[in-house]
Amino acid sequence: QLTANIQNYHFNHILLNAAGVMCQTSMELDTVLASEYTGAVVTKSATPLVRPGNPAPRYYELNNGLGTINSMGLPNEGFDYYMDYVDTKETYKPIFFSIAGLSKQENIAMLHQLQDADFDGLIELNLSCPNVPGKPQTGYDFEATEQILTEVFAFFKKPLGVKLPPYFDIVHFDDIAAILNKFPLAFVNTINSIGNGLVIDQDTDTVVIKPKAGFGGIGGTLVKATALANVRALRDRLNTTIKIIGTGGVTTGRDVYDHLLCGADLVEVGSQLAIEGITVFERLEKELTEILTEKGYDSLDDVRGQLKIM
Ligand code: DHB
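Residues numbered from 1 in each chain as written. Predicted model: local features only at pLDDT ≥ 70, side-chain atom pairs only at ≥ 80, totals over all residues. Heavy atoms only, no water.

Colleague: Before we go on, may I ask you to explain unusual backbone geometry in this structure?
Modeller: In this structure, P57 follows A56 across a cis peptide bond, with omega equal to 0 degrees. Here T190 and I191 are connected by a cis peptide whose omega angle stands at 15 degrees. Here I191 lies in the loop between β10 (187-190) and β11 (194-198). Phi at N196 is positive, roughly 55 degrees, even though this residue is not glycine. Mapped onto the fold, N196 is located in strand β11. (Helix = DSSP H or I, 4+ residues; strand = E, 2+ residues; numbered from the N terminus.)

So, in structure tokens, the structure goes:
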């Protein structure tokens, strides 16, 4: 009964990987698809051409499970690789095809290819990659966000959602929601990593990742409160036809439950999937089921969006 729907796509489980984690190669994508406990898979954000990404070390796990920092720099196998993958894959599970062009033109070009292809899954337009030197996030430029969505929806007819960066101001929640509500989006995915944090190694007084002098996107437990606020704020403001994928700070079943309370339809796991591996999905689903049983709920309808305020 732990299911979800986005338009006419049905998800038999509510958990899946967050883009970037366990989804760059066909072997990794197969691993996520093969799990009994995932409802879907999302592909590593693609650029038109293959990219090696930033120099290593470019990913680091903080002590005590606090979270992660990364500046991967969009390493990916290139758009055609993921197109070939989804073309040849026979699966009943929905696939989210994530794209992150380095310019509006690159995104529009990839979306034209997706529009013209046989691909019948969902498309996630990533407006929030913080890790490419010299490239600002579109999601923090509201005019640019409205502009690209206007151009995209002039021709794009397949189910499309956007991956958003975290917002930290109530007026920004209002403003981004007002823009997103102008378009027939299938979903929004919130949040991407909290961009450009800095982690220091205590023994060596050195940054822990090499790119961008140590600056990188923060994920994991550290970002949970921000993720929940973004899910909640957007659920309150977006048209009900726009579903919400909650991402950020999920390490336990309770974290999944909290995302659901805030209004998430699906929940993604990034840092903790990187840390724990594919078995994380079984553990999280079991922990969530225990919470639901304890509370006497037999449907997620009893939970979704049911956060209480004082
Ligand atoms: C990368 C990081 C992101 O947060 C993202 O949305 C896309 C790409 C990266 O560094 O590879």
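Colleague: So what exactly am I meant to see when it comes to the pairing of strand β8 (residues 122-126) here?
Modeller: For a regular strand, side chains alternate in direction, first toward one face of the sheet and then toward the other. By the criterion of burial, β8 is predominantly enclosed, with 5 of the 5 residues buried. Burial along β8 is two-sided: L122, E124 and N126 facing one way and I123 and L125 facing the other are all buried. Once you follow strand β7 (residues 95-99) into helix α3 (residues 104-116) and on to β8, the crossover reads as right-handed. Judged from the 4 bridges that link them, β8 and strand β9 (residues 160-164) form a sheet pairing that is parallel. Residue pairing for β9: E124 is matched across the bridge by G161. Each parallel crossover has a hand, and the one from β8 via helix α4 (residues 142-153) to β9 is right-handed. (Buried < 20%, exposed > 50% of the residue type's maximum accessible area, 1.4 Å probe, protein only. Right-handed = clockwise from strand over helix to strand, strands pointing away. Pairing = 2+ DSSP bridges.)

Colleague: What am I meant to see in the state of the cysteines here?
Modeller: A covalent bond between the sulfur atoms of two cysteines is what we call a disulfide. Throughout the structure, instances matching the rule amount to 0 disulfides. The cysteine C23 is free of any disulfide, with C129 supplying the nearest cysteine sulfur at 13 Å. On the basis of relative accessibility, which here comes to 0%, the residue C23 falls in the buried class. (Disulfide = S-S within 2.5 Å.)

Colleague: Even after reading the chapter, I still don't get the nonpolar core, so can you show me in this structure?
Modeller: Soluble globular proteins tend to bury their nonpolar side chains together. F96, F97, L114 and V188 are the most contacted members of the largest nonpolar core, which has 86 residues in total. If one sorts the elements of this core by residue count, helix α9 (residues 280-295) sits on top with 6 residues. Once residues lying within four places of it in the same chain are set aside, the contact partners of F96 are I6, F11, L16, A40, V41, V42, T43, L122, F187, I245 and L266. In terms of nonpolar packing, the next biggest core, distinct from the first, is built from 10 residues, I191, I209, I218 and V223 among them. (Core = buried A, V, L, I, M, F, W, Y, C linked by side-chain atoms within 4.5 Å. Contact = heavy atoms within 4.5 Å.)

Colleague: When you look at the sheet that holds β7 in this model, what are you seeing that I'm missing?
Modeller: The strands that make up a sheet pair up through hydrogen bonds in the backbone, lying either parallel or antiparallel. Pairing is parallel in the open sheet, where 8 strands are placed in the order β3-β16-β15-β10-β9-β8-β7-β4. Every interior strand has two partners, whereas the edge strands, β3 (15-17) and β4 (41-42), have only one. Strand direction decides the pairing type here: β3 and strand β16 (residues 266-269), joined by 3 bridges, are parallel. By the bridge assignment for β16, L15 is matched with V267. Its contacts with the sheet place α9 against β3 and β16, and it is angled at close to 155 degrees to β3. (Axes fitted to C-alpha atoms, helices over the stretch in contact; angles between N-to-C directions.)

Colleague: Is there a simple way to think about the pattern of salt bridges in this case?
Modeller: Where charged atoms of side chains with opposite charge meet at close range, the side chains can pair. Taken as a whole, this structure holds 11 salt bridges when the rule is applied. K224 is the partner of D255 in a salt bridge, and the nearest nitrogen-oxygen pair spans 2.7 Å. Separated by 31 residues along the polypeptide, D255 in helix α7 (residues 253-262) and K224 in helix α6 (residues 224-237) bring together distant segments of the chain. Per residue, the accessibility class of D255 equals that of K224, and both read buried. Salt-bridge contacts for R304 lead to D265; the nearest nitrogen and oxygen are separated by 3.9 Å. Here R304 is found in the segment after α9, whereas its partner D265 is found in the loop between α7 and β16, with 39 residues between them in sequence. Assigned by exposure class, R304 and D265 land together as buried. Taken together, the shared-partner salt bridges in this structure form one network comprising K224, R254, D255 and D258. (Salt bridge = Lys/Arg side-chain N within 4 Å of Asp/Glu carboxyl O.)

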